[in-house]
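Observations on the three-dimensional arrangement
Below are the chains, spelled out letter by letter.
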Number of protein chains: 2
Amino acid sequence: MSLPFNNLEVFISAPVPPCQDDEYEEAALGVANIGENFSKITINRPKVGDNDVKFDVKFCGMCHTDVHMVCNDFASTMYPIVPGHELVGVVSEVGSNVTRVKVGSLVAVGCTIDSCMECDMCDAGEENYCRKGGHTHTYNSKKTHGHIGGNQETQNFGGYSKSEVVHERFIVTLPDNTPLAKAAPLVCAGITMWDPLRHWGATKGDKKMKIGVAGIGGLGTMGIKIAAALGHEVVAISRNDKKKDIAEEKGAHHYIDMSDTKSINEHNDSMDLILNTICAPHSVSKYLGLLRTNGTLVQLGAVATPLDFVNFSLLPQRKSIAGSMVGGLKSLQECVDFCVEKEIYPDIEIIDSGKVDEVYVKLAEGNSSAVRYVLDIEASL
Amino acid sequence: MSLPFNNLEVFISAPVPPCQDDEYEEAALGVANIGENFSKITINRPKVGDNDVKFDVKFCGMCHTDVHMVCNDFASTMYPIVPGHELVGVVSEVGSNVTRVKVGSLVAVGCTIDSCMECDMCDAGEENYCRKGGHTHTYNSKKTHGHIGGNQETQNFGGYSKSEVVHERFIVTLPDNTPLAKAAPLVCAGITMWDPLRHWGATKGDKKMKIGVAGIGGLGTMGIKIAAALGHEVVAISRNDKKKDIAEEKGAHHYIDMSDTKSINEHNDSMDLILNTICAPHSVSKYLGLLRTNGTLVQLGAVATPLDFVNFSLLPQRKSIAGSMVGGLKSLQECVDFCVEKEIYPDIEIIDSGKVDEVYVKLAEGNSSAVRYVLDIEASL
């Protein structure tokens, strides 16, 4: 079974150089070169600096973004690549300035691993929207902001690895009783849904909103669970009628089949916020019609086709269409605290390294089951 | 010279019925039937109710929307039509409950003349976004909300008329020294620019923003003047280099010629807010690129072609695209107070009834001069 690579002529070759004095060698599961399957490789991690936290990675969730990156879908992947931005584990060492965790603490790391730490967005805890060139993603990124140690010329590597070293600022703390495997996807799938709810006013205060969640996959089911747990009226929105049972099981109060005009009309002009996770091309005009005055449609999916709506879909009722991408550390800690307290977790399936290639092929083909796959690191490396 | 009518087969014929006891006859300038030019006609106005204000209309501004409506561009015009939603005048009579004005007060009326007065949007002074079916426009609307007197089966008539009667709630007060003709366009052109500035945080507080104003016509020049007077850094954005002098004369600090990549690149990823008044089809993707993280592009123009951008223009920096249409009474009073105090007025040309047809033809062809035409009612009727 081969991974479905793309753009075979356009990628970056960035072999791991010899380990420096300020680095250590670590075992990882990665794709060494374009065209190859996953295999055990050796990477270099920075040694623990004064502000760093080192932890043993126990589990790492698998996100569709990992598939895009490993398969070079954006023609920008640096090989070798070690994916994974849903890391959970146990702290094994801390730098002298670290105050938030100690050896033995349970921690998580999500999609952001560095930022400028100086701009107003970073000051607001929204490091994912760092104004100085954006945040540093957890893998396949250059070390541009200066807070990641080791060889500054190399890319960073993700969570399919026995250990990781991260600046304390980007560490999420977990209560001691957290079920680690289930919690892993909270720091990507969870925050992707939580942060737009937070930004558009749905996580604080007593205001009850009518919230739509479009696309009933891994993200959408998390969105339904979180929005319902926050006490909102939740409408699951799907392009057909196949996801009705799963949506209601996850807590949706209503279901719209967007292929059925009657179903749409029952909820037109009624929603305050729609979180749209649909990744396939689709007409957003009909979704804008579901919003009531002052409502916002938040686009979360990687749809590459142009959106198709006219100004009159927005003007008369001051509607907005916006984008959102994961969330900053403040929001991330809130999300994890909320979900762990309320026991809101995605449906997961734990796998080991023997099944990674197969899972990637399945995800590339479209994961209709809405299950999040989580890699058991100890069983894999 | 004939007016450029459209949709000649699809319009509504709504002749003025006999005057009721709770109405009075009034002289107006209107278009009696589709295909005809402006002429003096007689309309019925409601007599003054307990909450109403009657005023002698002194001037009425001419908006491009008036041209759309008179010429049946949306295939929904009721004839006869008396346009005009930029009324200024002097109060001649007040109902027993009226407290805000007295006989002799200077007043203005804009685009909103009734609303439900009960929903949360009305409570917030945003009657233009009334949730119960929207506001009642100043002319060519049915009396749906119940606060306009007279024959409830008839449409209402706009400001090209010797007097008007309006519920006190929809009256804007003007200081005694207000130059009436110049002030008329503030209640449409002014508020259309003020309200999005207000909604997106640019009219309160000390936060200085970088604000783009796209389209340097009647709306755009008002936007430049107001945003500059509020102390913001203002960028005029045009599709070519022809408006540079006028934009800088109105107070713009920078100018972008969107046909020149170098000019665009100097301001990419830098603006907090863009007010886009362009009415012609254009690619919004490039305008979204001008926004910095968290920025909003506000669409104000009646562009009927689909917008063309992809999700990736929004997601990585949480950008938004929104619509806005005029403003509520709270915002409208703030706008007028601010503009009169700062002496911010559009460039106007006063005309009388003899030139109305000619001006409508000119506006329909595109008013490149950015001058707002204002009808002198006393000289016309």
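Calculation rules
Residues numbered from 1 in each chain as written. Chains lettered and ligands numbered in written order. Predicted model: local features only at pLDDT ≥ 70, side-chain atom pairs only at ≥ 80, totals over all residues. Heavy atoms only, no water. Helix = DSSP H or I, 4+ residues; strand = E, 2+ residues; numbered from the N terminus. Rg over C-alpha atoms; globule rule 2.2 N^0.38 Å. Buried < 20%, exposed > 50% of the residue type's maximum accessible area, 1.4 Å probe, protein only. Areas by Shrake-Rupley, 256 points an atom, 1.4 Å probe, with all protein chains shown as cover. Contact = heavy atoms within 4.5 Å. Buried area = accessible area lost by both parts, 1.4 Å probe. Salt bridge = Lys/Arg side-chain N within 4 Å of Asp/Glu carboxyl O. Core = buried A, V, L, I, M, F, W, Y, C linked by side-chain atoms within 4.5 Å. Domains from an automatic or database assignment. Axes fitted to C-alpha atoms, helices over the stretch in contact; angles between N-to-C directions. Parallel < 35°, antiparallel > 145°, perpendicular 65-115°, else oblique. Left-handed = near helix turned anticlockwise from the far one by under 90°. Nonpolar A, V, L, I, M, F, W, Y, C, P; charged D, E, K, R; others polar. Pairing = 2+ DSSP bridges. Least-squares fit on C-alpha atoms with pLDDT ≥ 70 in both. Polar contact = N/O pair within 3.5 Å; in protein donor to acceptor, adjacent residues only side chain to side chain. Expected span 1.5 Å × (residues − 1).

With that out of the way, let us pick up the overall build of chain A. The helix and strand tally for chain A stands at eleven helices and 19 strands. Taking 381 residues into account, the globule formula puts the C-alpha radius of gyration at 21 Å, and chain A, at 21 Å, falls close to it. Projecting the C-alpha coordinates of chain A onto the three principal axes gives extents of approximately 65 × 45 × 35 Å. When each of the 381 residues of chain A is scored for burial, the buried share is 59%. For chain A, the computed accessible surface area is about 14200 Å², with 48% contributed by carbon and sulfur atoms.

Each partner contributes to the interface: chain B provides 37 residues, whereas chain A provides 37 residues. Across the interface of chain B and chain A, roughly 3200 Å² is buried in total on both sides, 56% from carbon and sulfur atoms. By the criterion of area lost to chain A, the three top residues of chain B are Asn311, Leu315 and Arg318 of chain B, representing 23% of everything that side buries. Our count for the chain B to chain A interface comes out at four salt bridges. For Glu126 of chain B, the salt bridge identified is with Arg318 of chain A, shortest N-O distance 2.7 Å.

Residues and elements named next belong to chain B. Grouped together as the largest cluster of nonpolar side chains are 96 residues, with contacts concentrated most on Leu3, Phe38, Phe55, Met62, Tyr160, Ile226 and Tyr360. Taken together, domain 1 (12-188 + 327-380) and domain 2 (190-323) each give at least three residues to this core, which thus spans both. Residue contacts for Leu3: discarding those within four places in its chain leaves Val31, Glu36, Asn37, Phe38, Val70, Cys71, Asp357, Tyr360 and Val361.

Residues and elements named next belong to chain A. As far as domains go, chain A holds domain 1 (12-188 + 327-380) and domain 2 (190-323). With 22 residues of domain 1 at the interface, the matching set in domain 2 holds 19 residues. Of the roughly 1700 Å² buried between domain 1 and domain 2, counting both surfaces, carbon and sulfur atoms make up 56%. On inspection of domain 1 and its partner domain 2, the count reaches three salt bridges.

Attention shifts here to the packing of helix H4 (residues 189-199) of chain A against helix H5 (residues 218-229) of chain A. Residue and element names in this part refer to chain A. Following both chains from N to C, one finds H4 and H5 inclined at 50 degrees, their axes separated by 9 Å at the closest point. Taken together, the axis directions place H4 and H5 in an arrangement best described as oblique. Relative to H5, the crossing made by H4 is right-handed. Residues Ala189, Gly190, Thr192, Met193, Trp194 and Leu197 of H4 touch H5, and the partners they reach there are Leu219, Gly220, Met222, Gly223, Ile226 and Ala227. Counted by class, the contact of H4 with H5 contains eight nonpolar, four polar and no charged residues.

Let us now look at the pairing of strand S19 (residues 372-376) of chain B. Residue and element names in this part refer to chain B. Counting buried residues along S19, five of its five residues qualify, which places the element largely inside the surrounding structure. Both strand S4 (residues 52-61) and S19 contribute to a ladder of three bridges, which runs antiparallel. From the neighbouring strand, Cys60 faces S19, where its bridge partner is Leu375. Here four bridges tie strand S18 (residues 348-351) to S19, and the two strands are oriented parallel to one another. Counterpart to Ile350 in the pairing with S19 is Val374.

It is worth spelling out the relation of the copies chain B and chain A at this point. Of the transformation superimposing chain B on chain A, the axial component is 0.0 Å and the angular component is 180 degrees, with the fit at an RMSD of 0.0 Å. Interpreted geometrically, this transformation is the action of a two-fold axis. Across chain B, the rotation axis passes nearest the C-alpha of Ile321 of chain B, at a separation of 2.7 Å.

This next bit is on the pairing of strand S4 (residues 52-61) of chain A. All names here are of chain A. For S4, a buried count of nine out of ten residues is recorded, marking the element as mostly surrounded by other parts of the structure. Relative to strand S10 (residues 163-167), S4 runs antiparallel, the two being bridged by five bridges. Paired with Lys54 across the bridge in S10 is Val165. Bridge count for S4 against strand S6 (residues 87-94) is seven bridges, and the pairing is antiparallel.

A few words on the environment of His145 of chain B. Residues and elements named next belong to chain B. When you line up the elements, His145 lands in the loop between strand S9 (136-137) and strand S10 (163-167). With 127 residues separating them in the primary sequence, His145 and Asp272 have C-alpha atoms 37 Å apart. Apart from residues no more than four positions distant in its own chain, His145 is found in contact with Asp114, Ser115, Cys116, Cys130, Lys132, Gly134, His135 and Thr136. Polar side-chain contacts of His145 include one of 2.7 Å to the backbone oxygen of Gly134.

Two side chains carrying opposite charge are able to pair once their charged atoms lie near each other. Taken as a whole and judged by the stated rule, the model has 33 salt bridges over all chains. A salt bridge links Glu378 of chain B to Lys58 of chain B; its shortest N-O distance comes to 2.4 Å. Highlighted residues: Glu378 of chain B in helix H11 (residues 377-380) and Lys58 of chain B in strand S4, separated in sequence by 320 residues. The residue Glu118 of chain B makes a salt bridge to Lys132 of chain B at a minimum N-O spacing of 3.0 Å. A residue pair is termed long-range when its members are at least 10 positions apart, and Glu118 of chain B in the loop between strand S8 (112-114) and helix H2 (120-123) and Lys132 of chain B in the loop between H2 and S9 qualify at 14 residues. Residue classification places Glu118 of chain B among the exposed residues on the basis of a relative accessible area of 55%. Connected through salt bridges with shared partners, the residues Lys225, Glu249, Lys250 and Asp347 of chain A form a single ionic network.

Moving on: helix H5 (residues 218-229) of chain B. Residue and element names in this part refer to chain B. With twelve residues, H5 extends 17 Å between its outermost C-alpha atoms, agreeing within 8% with the 16 Å of an ideal straight helix rising 1.5 Å per residue. What H5 keeps buried is the set Gly220, Thr221, Met222, Gly223, Ile224, Lys225, Ile226 and Ala227. Considering only its buried residues, H5 is in contact with helix H4 (189-199), strand S12 (210-214), strand S13 (233-238), helix H6 (244-250) and helix H9 (329-342).

Let's shift gears to the sheet that holds S12 of chain B. Ordered in space as S14(A)-S13(A)-S12(A)-S15(A)-S16(A)-S17(A)-S17(B)-S16(B)-S15(B)-S12(B)-S13(B)-S14(B), the twelve strands form an open sheet in which the pairing is mixed. Each edge of the sheet is formed by a strand with only one pairing partner; in this case those strands are strand S14 (254-257) of chain A together with strand S14 (254-257) of chain B. Put simply, the sheet's adjacent strands are angled 20 degrees from each other on average, direction ignored. Of the strand pairs in this sheet, S12 of chain B and strand S15 (residues 271-276) of chain B are connected by four bridges, and their pairing is parallel. Note that in S15 of chain B the partner of Gly212 of chain B across the bridge is Ile274 of chain B. The strands that H4 of chain A touches are strand S12 (210-214), strand S15 (271-276) and strand S16 (291-299) of chain A together with strand S16 (291-299) of chain B; relative to S15 of chain A, the one it contacts most, it runs at about 155 degrees. Together, S16 of chain A together with S12, S15 and S16 of chain B form the strand contacts of H4 of chain B, whose direction differs from that of S15 of chain B by roughly 155 degrees.

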